[in-house]
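Here's the letter readout for the chains.
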Amino acid sequence: MNDYYVQGIFYFSNFFIAAFMLRYAWKFLRQTIQHKDRRPWDLLFLAALFYFIHHILSLFDLYGTLTLFNQDINYYEMATEFIFSGLILYTIITQQNLILHKAKLIIRRKRR
């Protein structure tokens, strides 16, 4: 019985982390609309969205087996996890290509 509570705490914690990631990626995208090399952040936002959906489905699965469009909810959890992992990999590859095709990488601080 205690395992069920611990599992629930972890599921809710992951849900809130996913919500924070989604909000942070959305905020960053809105602030960098004019930036030309923000493609990895677009992909990261999509990955965060699928991660958020995955954890919503995990919460539904925690409280009972549900079906959606005549499929078990675990099917959709696996699909969103697969898409999330693929998008993260594609984001890393895209960022690496941006860095390698530039002459140098400059990280600068905005002056106030």
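Residues numbered from 1 in each chain as written. Predicted model: local features only at pLDDT ≥ 70, side-chain atom pairs only at ≥ 80, totals over all residues. Heavy atoms only, no water.

### Considering a nonpolar patch on the surface
Inference 1: Taken together, Tyr-4, Tyr-5, Phe-12, Phe-16 and Tyr-63 make up a surface patch of nonpolar side chains, about 580 Å² in accessible area.
Inference 2: Tracing the chain through its elements places Phe-12 in helix α1 (residues 2–31).
Inference 3: Residue Phe-12 is classed as partly exposed on the basis of its relative accessible area, which comes to 34%. (Patch = residues over 30% accessible without salt bridge, like charges linked within 9 Å, V, L, I, M, F, W, Y side chains within 5 Å. Areas by Shrake-Rupley, 256 points an atom, 1.4 Å probe, with all protein chains shown as cover. Salt bridge = Lys/Arg side-chain N within 4 Å of Asp/Glu carboxyl O. Helix = DSSP H or I, 4+ residues; strand = E, 2+ residues; numbered from the N terminus. Buried < 20%, exposed > 50% of the residue type's maximum accessible area, 1.4 Å probe, protein only.)

### So, the packing of aromatic side chains
Centre distance and the angle of the planes are the two values used to describe a pair of aromatic rings.
Inference 1: Within this structure, the stated rule accounts for five aromatic pairs.
Inference 2: Both rings, one in Tyr-51 and one in Phe-84, keep their centres 4.8 Å apart while their planes meet at 35 degrees; by these two values the pair is tilted. Linking Tyr-51 in helix α2 (residues 39–62) with Phe-84 in helix α3 (residues 73–100), this pair joins segments that are 33 residues apart in sequence.
Inference 3: Aromatic ring contacts, followed pair by pair, group Phe-15, Phe-16 and Phe-52 into a single cluster. (Phe/Tyr/Trp six-rings, centres within 6.5 Å; stacked < 30°, edge-to-face > 60°.)

### Comments concerning the nonpolar core
Inference 1: Counting 14 residues, the largest nonpolar core has Leu-22, Phe-45 and Phe-52 as the members making the most contacts within it.
Inference 2: For this core, the secondary-structure elements that each account for two or more residues are α1, α2 and α3.
Inference 3: Excluding residues within four positions of it along the chain, Leu-22 makes contact with Phe-45, Ala-48, Leu-49 and Phe-52. (Core = buried A, V, L, I, M, F, W, Y, C linked by side-chain atoms within 4.5 Å. Contact = heavy atoms within 4.5 Å.)

Fair warning: the whole summary comes from geometry, so function is off the table for now.
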